[in-house]
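The chain contents come next:
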Amino acid sequence: FTVSSHWEVFEQGGDMKFEVAVIPGMGLGLRATADIMKGELVLKERKVCGRMEEDHHQLVANLGGQAFTLKSFLKSFVDREIQDCDKPAVLALNDPDPTGPKDMKLARCFENNSFAGGLFLTCARMNHSCLPAVQMSSDDEEETEVRALRDILAGEEITVSYLRTSALQGRDERVAKLLAGWSFQ
């Protein structure tokens, strides 16, 4: 498995310190291939596509308020916005309803794996932890940075919180949000 061509490593020498690997009980995820120090930039990645909300408002204006389903809009959006060369990688991401309609798979994978208004292919491979190893941030919604929150040892899984860490939610609230958004606890 290869990582996205949309990412860059901005550390001395540009050595990639992670790989996409099978994580027991989790499927594919990111694993450190070398020690990563707290605060270190792990990767910086450009989005494949995103900002559906802006497109949605423009579409409603263009349709003059005609009725359409969000599912049909989402399908149209991702079919149009995701480049053909990226579609196989998007389709290989987690699908929350693998037995669902095949024509909606791309839309489901986009919706389930997006962050900060966009889809970042390599970042989408990171699994959730309530005690994450890294944090993703984006100032411009075009690219995201992934930085180590603590030292990460070679061989360790690189995890991120799918929830807003600034919300300081209790366990029950976090579990409810994980169930609603990603169907796991």
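Rules used in this analysis
Residues numbered from 1 in each chain as written. Predicted model: local features only at pLDDT ≥ 70, side-chain atom pairs only at ≥ 80, totals over all residues. Heavy atoms only, no water. Helix = DSSP H or I, 4+ residues; strand = E, 2+ residues; numbered from the N terminus. Buried < 20%, exposed > 50% of the residue type's maximum accessible area, 1.4 Å probe, protein only. Contact = heavy atoms within 4.5 Å. Salt bridge = Lys/Arg side-chain N within 4 Å of Asp/Glu carboxyl O. Pairing = 2+ DSSP bridges. Core = buried A, V, L, I, M, F, W, Y, C linked by side-chain atoms within 4.5 Å. pLDDT = per-residue confidence, 0-100.

## Observations regarding the overall build of the chain
Along the chain, the regular secondary structure elements total five helices and eleven strands. Classification of the 185 residues of the chain by burial places 37% in the buried group. Residue pairs in contact within the chain that sit at least 24 positions apart in sequence constitute 61% of those at least 6 positions apart.

## Considerations on the pattern of salt bridges
Side chains bearing opposite charge may pair, as long as their charged atoms lie close to each other. Using the criterion set out here, one finds eleven salt bridges in the structure. Aspartate 79 is the salt-bridge partner of lysine 75, the closest N and O atoms lying 2.7 Å from each other. In this pair, lysine 75 and aspartate 79 both sit in helix α2 (residues 70-81), four residues apart, roughly one turn of the helix. Under the relative-accessibility criterion, aspartate 79 is labelled partly exposed at 31%. Each of Lys44, Glu143, Glu145 and Arg147 takes part in salt bridges that share partners, so that together they form one network.

## Some points on the pairing of strand β3 (residues 27-32)
Two strands pair when backbone bridges link them, and strand β2 (residues 18-23) and β3 are joined in this way by six bridges, in the antiparallel orientation. By the bridge assignment for β3, glutamate 19 is matched with arginine 31. Following β2, the chain reverses through three residues before pairing antiparallel with β3; glycine 25 in that reversal takes a positive phi of roughly 75°. The sheet contact formed by β3 and strand β11 (residues 157-160) spans two bridges and is antiparallel.

## A short note on the nonpolar core
With 18 residues, the main nonpolar core has Val42, Met126, Val134, Val146, Ile152 and Ile158 as its most contacted residues. Mapped by element, the contributors of at least two residues to this core are β2, β3, β4 (41-46), β9 (134-137), β10 (143-148) and β11. If near-sequence neighbours (up to four positions away) are discounted, isoleucine 158 is found in contact with Phe18, Leu30, Arg31, Ala32, Ile36, Val42, Met126, Asn127, Val134 and Ile152. By size, the runner-up hydrophobic cluster in this structure holds 17 residues, among which are Val78, Leu93, Ala107 and Leu119.

## Re the sheet that holds strand β6 (residues 114-115)
Two pairing modes exist for strands in a sheet, parallel and antiparallel, and in both the strands are linked by backbone hydrogen bonds. What the three strands build is an open sheet, ordered β5-β7-β6; its pairing is antiparallel. In this open sheet, the two edge strands, each paired with only one partner strand, are β5 (49-50) and β6. Two elements, β5 and strand β7 (residues 118-119), share two bridges in a ladder whose sense is antiparallel. Following the sheet pairing, cysteine 49 is matched in β7 by leucine 119.

## Quick word on the environment of threonine 159
Turning to its location among the elements, threonine 159 is positioned in strand β11. Threonine 159 sits in the buried class, given a relative accessible area of 9%. When the C-alpha atoms of threonine 159 and glycine 29 are compared, they prove to be 8.2 Å apart, with 130 residues separating the residues in sequence. In this view, threonine 159 contacts Asn127, His128, Ser129, Leu131, Pro132, Ala133 and Val134; residues no more than four positions away in its chain are not counted.

## Structural notes on the confidence of the model for the chain
Overall, the predicted model of the chain reaches an average pLDDT of 78, with 69% of residues at or above 70. No element of the chain has a lower mean pLDDT than helix α1 (residues 52-63), which averages 49, and none a higher one than β11, which averages 95. Considering only residues more than four positions removed or in separate chains, one finds that residues 9-13, a stretch of pLDDT under 50, has eight contacts. Ignoring residues within four places in sequence, the model shows residues 64-68, a span with pLDDT below 50, making six contacts including any to other chains.

## What to know about the sheet that holds β2
One open sheet holds the four strands; their spatial order is β2-β3-β11-β8, and the pairing between them is mixed. Edge positions in the sheet fall to β2 and β8 (127-128), since each has one partner strand and no second.

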